[in-house]
Amino acid sequence: MPPSVKVVVIVEDTQSIGLSLAVAIESIPGVKPLLVQNPRAALRLFTSPDSQIAAIVTDLHLPFLDGFELIR
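Cut-off values and rules
- Residues numbered from 1 in each chain as written.
- Predicted model: local features only at pLDDT ≥ 70, side-chain atom pairs only at ≥ 80, totals over all residues.
- Heavy atoms only, no water.
- Core = buried A, V, L, I, M, F, W, Y, C linked by side-chain atoms within 4.5 Å.
- Buried < 20%, exposed > 50% of the residue type's maximum accessible area, 1.4 Å probe, protein only.
- Helix = DSSP H or I, 4+ residues; strand = E, 2+ residues; numbered from the N terminus.
- Contact = heavy atoms within 4.5 Å.
- Expected span 1.5 Å × (residues − 1).
- Arc of directions from axis to C-beta.
- Lys, Arg positive; Asp, Glu negative; His and termini not counted.
- Salt bridge = Lys/Arg side-chain N within 4 Å of Asp/Glu carboxyl O.
- Polar contact = N/O pair within 3.5 Å; in protein donor to acceptor, adjacent residues only side chain to side chain.

Student: Help me understand the nonpolar core, please; the structure alone is not making it clear to me.
Tutor: Buried together is how nonpolar side chains tend to be arranged in soluble globular proteins. Core analysis: the biggest nonpolar cluster contains 8 residues, these being Val 7, Val 9, Val 11, Val 36, Ala 41, Ala 42, Leu 62 and Leu 70. Mapped by element, the contributors of at least two residues to this core are strand S1 (6-11) and helix H2 (39-46). Here this core takes 3 residues from S1, the largest share from any one element. Every residue in contact with Leu 62, bar those within four places of it in the chain, is listed here: Val 11, Glu 12, Asp 13, Pro 39, Gly 67 and Leu 70. Counting residues in each nonpolar core, the second largest holds 5 residues, with Val 8, Ala 22, Ile 25 and Val 31 among its members.

As structure tokens, this is what we get:
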């Protein structure tokens, strides 16, 4: 992915909401949404050494780990 493209991770366990957010974010030039449906998968992305995440949009009520804990 070119360095000028910013990745925004969407952490949302309700598929319809996640897809709606992805479509909205995708309309922003230079931004690529990446939809993840559970916080454990998101944590793996965040801790990856080659992660190029610019921002996170998260549901606050997630299974296993709430959005506040995920952000911490």
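Student: So what exactly am I meant to see when it comes to helix H1 (residues 15-26) here?
Tutor: In an α-helix, one turn spans 3.6 residues, which is why side chains three or four residues apart end up on the same side. Here H1 is 12 residues long and its end C-alpha atoms lie 16 Å apart, about the 16 Å a rise of 1.5 Å per residue gives. Within the sequence span of H1, burial applies to Gly 18, Ala 22 and Ile 25. Down the axis of H1, the buried set is contained in an arc of 70 degrees. They therefore lie on one face. In this structure, the buried side of H1 is in contact with S1, strand S2 (31-36) and strand S3 (53-58).

Student: I tried to follow the side chain of Glu 12 on my own but got confused; where do I start?
Tutor: Summarising the element assignment, Glu 12 is placed in the loop between S1 and H1. For Glu 12, which is buried and forms no salt bridge, the nearest opposite charge comes from Arg 40, at a distance of 16 Å. Among the polar contacts listed, one links the side chain of Glu 12 to the backbone nitrogen of Thr 14, at a separation of 2.9 Å. Dropping the residues within four chain positions of it, Glu 12 is found in contact with Ile 17, Gly 18, Leu 35, Val 36, Gln 37, Asp 59 and Leu 62.

Student: Got a minute to help me understand the side chain of Asp 59 in this structure?
Tutor: Along the chain, Asp 59 turns up in the loop between S3 and helix H3 (67-71). The buried charged residue Asp 59 lacks any salt bridge partner; its closest oppositely charged side chain belongs to Arg 72, at an N-O distance of 14 Å. Within polar-contact distance, the side chain of Asp 59 engages the backbone nitrogen of His 61 at 2.9 Å. Apart from the residues within four sequence positions on either side, Asp 59 is in contact with Val 11, Glu 12, Asp 13 and Gly 67.

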